[in-house]
Amino acid sequence: MKRIVLTEPGHIQVQEAEMPKRREGETLLRLLYGGICGSDLGAYRGANFYITYPRTIGHEFSAVVVETDSPSLRPGQLVTCNPYFNCGTCYACRRGFVHCCANNQTMGVQREGAFADYITVPTERVYGGEGIDPRELALVEPFCISHHGVSRAEIVPGERVLVMGAGAIGILAAVTAKLQGARVYIADIAPDKLAFVRDHFPVDGCLLNEGDGSIAAAAADITRGDGFDVTVEAAGVPASFCACVDAAAPRGRMVQIGVSKQPAKFNFTLLQKKELCLMGSRAATRADFAQTMQYVREGRVDLSSLITRTFPAAQAPEAFACLHENAGSIVKMELEF
């Protein structure tokens, strides 16, 4: 079989590999589609905080069951997986917060990933994806990331929400906030991405981030000086973090989803002055997978509209080079296995 390996920053290889052997408690899967995540692009650019090289990448995917010993799964069944592996013994795990495991290993980042013709995974991490198009099923995991973060803010219907970053995670954060009854605005530095959002998703407004306080000025105008009840940082950029702090209302909530190696320099007294509730969001839970798949099955969210381009898996090097050069206009790229 073949697998896709990031050997070092800027270098993707499609390598020959031996077929994995299923052990007891595992399920053998054949990959169908894989989504290239913003963290995968960050790893390609050498900017991912967590990854080590070389690494078989990928953690957003759909697959079919080939072989399993689980009575709840069957060969040929369409599935996706929870790609976050926890240790089970750290303080977070002992309290049930397994997605915050101190020793977390995410597929394609700290451990071997899913971008291969065949993979084995612990059966308990396999979720049935019946009723969902395989292309959409590969995007359930990023939807979960967004859903988990926005849900932390405990939005009340009618509240105003600002999402910084119009990539797939930011768009799906905006979608989640709308599903929870908020008035939602999304900001980005890329006009093409904002135009895409306007055409495909029911947000209440799109804001072009031109720097120099443009987001703060727009926030003051939209909220008549009150600020946003909730701000969501989904770009992984220090300036975006600062913009979220500035745009938040007194007693507002801010959720940090984006990841960066770069530190943010900001006036932390604003947290005290506004009594701002700042919370991080990491990975997702089984409940997030269940809820997001329900939304997709019910037709309340069309994940396929996020897919800008699809490459054959054999052309993974070309796909990553294309995404690297056109990140401002590509929302989501998928590989077809």
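Throughout this document, residue positions are counted from 1 along each chain, in the order its sequence is written. Selection of residues for local features in this predicted model requires a pLDDT of at least 70, selection of side-chain atom pairs for listing and counting requires 80 or more, and totals for whole chains, interfaces and linings are taken over all residues. Working from all heavy atoms in the structure, the side-chain values ignore hydrogens and water.

1. Brief notes about the sheet that holds strand S14 (residues 228–233)
Thought 1: Taking strand neighbours across the sheet as the criterion, the six strands line up as S13-S12-S11-S14-S15-S16 in an open arrangement whose pairing is parallel. Either end of the sheet is taken by a strand with one partner, and the two such strands are strand S13 (205–208) and strand S16 (277–280). The average undirected angle you get between the axes of adjacent strands in this sheet is 20°.
Thought 2: Only strands that DSSP links by at least two bridges are regarded as paired with each other. Comment: elements are numbered from the N terminus, with helices defined as DSSP H or I runs of at least four residues and strands as E runs of at least two. Where strand S12 (residues 183–188) meets S13, four bridges bridge the pair, whose relative direction is parallel. Across the sheet, residue Ile186 finds its bridge partner in S13, namely Cys206.
Thought 3: Contacts are assigned to residue pairs with any non-hydrogen atoms lying within 4.5 Å of each other. Every angle, taken between N-to-C directions, lies between 0 and 180 degrees, and every axis is a line fitted to C-alpha atoms, over only the stretch in contact when it is a helix. Those strands touched by helix H5 (residues 168–179) are strand S11 (160–164), S12 and S14, and its axis lies near 170° from that of S12.

2. Focus: the environment of Ala166
Thought 1: Residue placement: Ala166 occurs in the loop between S11 and H5.
Thought 2: Along the sequence, Ala166 and Met107 sit 59 residues apart, while their C-alpha atoms lie 24 Å from each other.
Thought 3: Excluding anything up to four places from it in sequence, Ala166 contacts Ile171, Ile186, Ala187, Asp188, Lys193, Leu194 and Val197.

3. Notes on the sheet that holds strand S2 (residues 11–16)
Thought 1: Spatially, three strands are ordered S2-S1-S4 in an open sheet, and the strand pairing comes out antiparallel. Looking at strand neighbours, the two that pair on one side only are S2 and strand S4 (55–56), the edges of this open sheet.
Thought 2: With six bridges connecting them, strand S1 (residues 2–8) and S2 associate as antiparallel partners. Bridge pairing links Glu8 to His11 in S2.
Thought 3: Against the sheet, helix H11 (residues 316–325) touches S1 and S2, its axis set at about 165° to S2.

4. Quick look at the side chain of Gln180
Thought 1: Summarising the element assignment, Gln180 is placed in the loop between H5 and S12.
Thought 2: A polar contact of 3.2 Å, which involves the side chain of Gln180, links it to the side chain of Ser151.
Thought 3: Look past the residues within four positions of Gln180 in its chain and what remains in contact with it is His147, Val150, Ser151, Ile155 and Pro157. Nitrogen and oxygen atoms within 3.5 Å of one another constitute a polar contact, given that in protein one can donate a hydrogen and the other can accept it, and given that sequence-neighbouring residues count only through two side-chain atoms.

5. Digging into the pairing of S12
Thought 1: Exposure is judged per residue with a 1.4 Å probe applied to protein chains only, and the accessible area is read against the type maximum: over 50% gives exposed, under 20% gives buried, and values in between give partly exposed. Of all the six residues making up S12, five are buried; the element is thus mostly covered by neighbouring parts of the structure.
Thought 2: As paired strands, S11 and S12 are joined by five bridges and run parallel to one another. Residue pairing for S12: Arg160 is matched across the bridge by Arg183.
Thought 3: Classification remark: right-handed applies to a crossover when, strands pointing away from the viewer, the course from the first strand over the helix to the second runs clockwise. The parallel pair S11 and S12 is bridged by H5, and the resulting crossover is right-handed.
Thought 4: Tracing the backbone out of S12, into helix H6 (residues 191–200) and back to the parallel element S13 gives a crossover that is right-handed.

6. Some points on the pattern of salt bridges
Thought 1: Throughout this description, the term salt bridge denotes a Lys or Arg side-chain nitrogen within 4 Å of a carboxyl oxygen of Asp or Glu. Summed over all chains, the structure comprises 14 salt bridges.
Thought 2: The residue Arg22 makes a salt bridge to Asp69 at a minimum N-O spacing of 3.4 Å. Placement of the pair is Arg22 in the loop between S2 and strand S3 (26–36) and Asp69 in the loop between strand S5 (60–68) and strand S6 (78–81), with a sequence separation of 47 residues.
Thought 3: For Asp69, a relative accessible area of 41% puts it in the partly exposed group.

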